[in-house]
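A closer look at the structure
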Amino acid sequence: MGVLIRPIITEKMTAESELYNRYGFLVDPKANKIQIKDAVEATYGVSVKKVRTMNYGPTRKSRYTKTGIQHGKTNATKKAIVDVVEGDMIDFYSNL
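What comes next is a walk through the structure. (Residues numbered from 1 in each chain as written. Predicted model: local features only at pLDDT ≥ 70, side-chain atom pairs only at ≥ 80, totals over all residues. Heavy atoms only, no water.)

1. So, the sheet that holds strand 2 (residues 22-27)
- In space, the 4 strands of this open sheet follow the order 1-2-6-3, with antiparallel pairing throughout. Both edges of this open sheet fall to strand 1 (4-7) and strand 3 (48-56), since each of them pairs with a single strand only. Between one strand axis and the next, the sheet turns by 30° as a mean value, whatever way the strands run.
- Of the pairings in the sheet, the one linking strand 1 to strand 2 comprises 3 bridges and is antiparallel in character. When the sheet's bridge partners are listed, Pro-7 is paired in strand 2 with Phe-25.
- Its contacts with the sheet place helix 1 (residues 11-20) against strand 2 and strand 6 (77-84), and it is angled at close to 140° to strand 2.
- Of the strands in this sheet, strand 1, strand 2, strand 3 and strand 6 touch helix 2 (residues 33-44), which is tilted by about 120° from strand 3. (Pairing = 2+ DSSP bridges. Helix = DSSP H or I, 4+ residues; strand = E, 2+ residues; numbered from the N terminus. Axes fitted to C-alpha atoms, helices over the stretch in contact; angles between N-to-C directions. Contact = heavy atoms within 4.5 Å.)

Have a look at this one:
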């Protein structure tokens, strides 16, 4: 499995990419900033200026059913916000 899992395509990240040249990715939780930078540069052919990461823990949920209380949780994730050098651009929709 690679370092980059998938890009984050939301209204907020689209606005960030248009105004500030920042792109969001879901990445492998064990990846560091250098690995993320190298993966983005190799995949999209752009120059990365800065990488910021955020770790999100699992969300725990409980629900009540006929058989009793069911406990569950979502997976822990890591997000990376990548600043690209002025003039470079990533087009997520060209590969559709």
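Here the narrative resumes, following the displayed structure.
2. Focus: the pairing of strand 5 (residues 68-73)
- As paired strands, strand 4 (residues 60-65) and strand 5 are joined by 6 bridges and run antiparallel to one another. Of the residues in strand 5, the one forming a bridge with Thr-65 is Gly-68.
- Taking the residues that link successive antiparallel strands as the turn, the strand 4-strand 5 hairpin has 2 residues.

3. With respect to the pattern of salt bridges
- Under the criterion given, the structure shown has 3 salt bridges.
- Of the charged contacts, one joins Arg-22 and Asp-83 as a salt bridge, the two residues approaching to 3.4 Å between their closest N and O atoms. Taken together, the residues span a long stretch of sequence, with Arg-22 in strand 2 and Asp-83 in strand 6 at a distance of 61 residues.
- Here Arg-22 falls in the partly exposed class, since its relative accessible area comes to 23%.
- The partner of Arg-52 in a salt bridge is Asp-83, with the nearest N and O atoms 3.6 Å apart. Highlighted residues: Arg-52 in strand 3 and Asp-83 in strand 6, separated in sequence by 31 residues.
- Accessibility expressed as a relative area gives 32% for Arg-52, which makes it partly exposed.
- Among the charged side chains, a network of salt bridges with common partners joins Glu-16, Arg-22, Arg-52 and Asp-83. (Salt bridge = Lys/Arg side-chain N within 4 Å of Asp/Glu carboxyl O. Buried < 20%, exposed > 50% of the residue type's maximum accessible area, 1.4 Å probe, protein only.)

4. Let's talk about the environment of Arg-22
- On a C-alpha basis, the gap between Arg-22 and Gln-35 in space is 17 Å, while along the polypeptide they are 13 residues apart.
- Those residues in contact with Arg-22 that sit more than four places away from it in its chain are Met-13, Glu-16, Ser-17, Arg-52, Ile-81, Val-82 and Asp-83.

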